[in-house]
Amino acid sequence: MSKNIAIIGSGFLGLTLALRLAESGAKVTVYESAPEIGGLASAWQIGDVTWDKHYHVTLLSDSFTRKVVEEIGLGEEFEWVETKTGFYTDGKLVSMSNTLEFLKFPPLGFVSKFRLGGTIFYASKVKDWKALEKISVEDWLTKLSGKKTFEKMWKPLLKAKLGEAYKETSAAFIWATIQRMYAARNSGLKKEMFGYVRGGYAKVLKGFGEHLQEKGVDIRLNSRVEKIEKQNGKIKVFAAENAEKYRAEVKLNAMPNYSGVSVRSVNGVANSSEFDQVILTCPANVAAKIVPQLTEKEKAKLENVKYQGIVCASVLMKKSLSNFYVTNITDETPFTGIIEMSALVDKKEFGGNALVYLPKYVAPDDELFERTDAEIEEIFTAALEKMYPHFKREDIVEFKISRVRQVFPLPTLNYSENVPSVKTSLENIYIVNSAQITNGTLNVNETIQLAEKFISHELHK
Ligand SMILES: Cc1cc2nc3c(=O)[nH]c(=O)nc-3n(C[C@H](O)[C@H](O)[C@H](O)COP(=O)(O)OP(=O)(O)OC[C@H]3O[C@@H](n4cnc5c(N)ncnc54)[C@H](O)[C@@H]3O)c2cc1C
């Protein structure tokens, strides 16, 4: 008899697991608390445009992502583009897209530049990432690049992604970031091309949802799992009552809800179904809460994973800010980078407008989460006015803000030694999530790879 398996979460991890398990003949049910599939990669509507809620790009070397996109029949929809990178430093915007521009880069002297370039090259060659987990990223980069370059370049860039938590982060973080930058070259591909699927992740997710439905996967939306419990060898999944069957249509403004798990269900009653196996893909602390039968030690390990959150503005505007896909910022600004999606994606996708993301990575308890949309819009817009003389707030078509308290686990010192395991003490209950990425950065390719690894290592043992 085929196995009856529940998957908690319909991000790329949950969807890939569902695909592989359905292919192997299992009966699969996916529970998703949000009104739409896709998690962090889901889309929303901004003005008349439907695009990713958080900026997403695929690299040519992202073989796992490309394979899944091909399997769901959208491989031909990829566009590959060479993009430019900018740096906003000392109040000026400069291009840093090739070696010559790097050599001309104003804020650093020749020796500092040489050491900076040497650090990046060296990091791209290092293989023993475990050794780097024992060293703080600050110590490692200061040793390789010098104090001045650390303060001027590395520190602002680290703070952009990690905030003050950069002090607790290991050198493996910057190693993984540089490895991803170099991935295309290392895999023998000549160019570092950035790609997207025409229609964005909305299209990919619609294709994925339809593909899973054809394979008989039952996707339950608005279906927050509140408790998972073993009873007489079976596993009971209790979910909120207002579950809705997935229909392959793009629902807009769907927000993944990460505000923690409350035991309240919308209609006051929790629904339960029985399964042979359950795989959780939600954040580690959520898993600890919804599986009360885990041991105290397991729960402590899950709750110990420290996450970094994000407040990310999507700004649809009539004119471009620049021709850079990414603008790194080393000055103090209210956002920690600028991603101009329309420097990568054909503006036709955005009705001729520019689409710019202004991310601010923050700790999950940062006070920015409490600010209203209007306050954040004012702070961010005022900063854009200062940075780009040609920018006018009248050119904003729509400004929309996403807040997620748990985006990626912080790679703290000796992280891989404390990773929560996939197998739990409860037979047939598994936890697979981004907390188990030990030598990579958070991206869809890495996420899909986790799912594929789980299927081949754990389930087929
Ligand atoms: C700002 C930003 C930029 C990014 N840029 C890129 C990029 O350029 N390229 C790239 O490849 N990747 C990028 N990523 C990363 C990418 O989005 C993630 O790697 C991927 O989406 C993670 O998928 P996941 O399934 O592990 O997790 P999630 O997408 O977080 O999925 C988990 C799902 O579980 C659901 N859930 C949680 N609790 C429950 C519950 N109790 N019951 C039911 N459901 C529950 C959530 O609603 C969610 O849908 C970016 C992410 C962000 C935030």
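The structure displayed is predicted, hence computed values, not measured ones.

K.L.:
Got a minute to help me understand the packing of aromatic side chains in this structure?
P.N.:
If you walk through the whole model with that rule in mind, you get 13 aromatic pairs. With 5.7 Å between their ring centres and 65 degrees between their planes, Y55 and Y357 make a pair best called edge-to-face. You can see Y55 sitting in the loop between β4 (49-52) and β5 (58-59) and its partner Y357 sitting in strand β19 (residues 354-362), a full 302 residues away along the chain. A relative accessible area of 0% means that Y357 is categorised as buried. Ring centres 5.3 Å apart and planes at 80 degrees place the aromatic pair F335 and F380 in the edge-to-face group. Highlighted residues: F335 in the loop between β17 (326-329) and β18 (338-340) and F380 in helix α12 (residues 373-387), separated in sequence by 45 residues. The burial state of F335 is the same as that of F380; both residues are buried.

K.L.:
Would you mind showing me how to read the environment of T65 here?
P.N.:
Relative to the elements of secondary structure, T65 occurs in helix α2 (residues 63-71). Distance in space between the C-alpha atoms of T65 and F87 is 29 Å, their sequence separation being 22 residues. Those residues in contact with T65 that sit more than four places away from it in its chain are T58, Y201, V444, N445 and I448.

K.L.:
So what exactly am I meant to see when it comes to α2 here?
P.N.:
Because each turn of an α-helix spans 3.6 residues, side chains separated by three or four positions end up pointing in the same direction. Along α2, the positions that sit buried rather than exposed are T65, V68 and V69. Around the axis of α2, the buried residues are gathered within 100 degrees of arc, so they sit on the same side. Backbone geometry just after α2 places G73 at a positive phi near 90 degrees.

K.L.:
I'm lost on the pattern of salt bridges in this one. Help?
P.N.:
Once the charged atoms of two side chains with opposite charge are near each other, the side chains can pair. Applying the stated criterion across every chain yields a total of 27 salt bridges. In this structure, the salt-bridge partner of D90 is K152, at a minimum N-O distance of 2.7 Å. Of this pair, D90 sits in the loop between β7 (85-89) and β8 (92-95) while K152 is found in helix α7 (residues 147-162), placing the two residues 62 residues apart along the sequence. For the salt bridge of E378 with R393, the shortest nitrogen-to-oxygen distance reads 2.9 Å. Of this pair, E378 sits in helix α12 while R393 sits in the loop between α12 and β20 (396-409); the two residues are 15 residues apart in sequence, bridging distant segments of the chain. Taken together, the shared-partner salt bridges connect R20, E23, K67, E71 and E452 into one network.

Quick notes on the rules
- Residues numbered from 1 in each chain as written.
- Predicted model: local features only at pLDDT ≥ 70, side-chain atom pairs only at ≥ 80, totals over all residues.
- Heavy atoms only, no water.
- Phe/Tyr/Trp six-rings, centres within 6.5 Å; stacked < 30°, edge-to-face > 60°.
- Helix = DSSP H or I, 4+ residues; strand = E, 2+ residues; numbered from the N terminus.
- Buried < 20%, exposed > 50% of the residue type's maximum accessible area, 1.4 Å probe, protein only.
- Contact = heavy atoms within 4.5 Å.
- Arc of directions from axis to C-beta.
- Salt bridge = Lys/Arg side-chain N within 4 Å of Asp/Glu carboxyl O.

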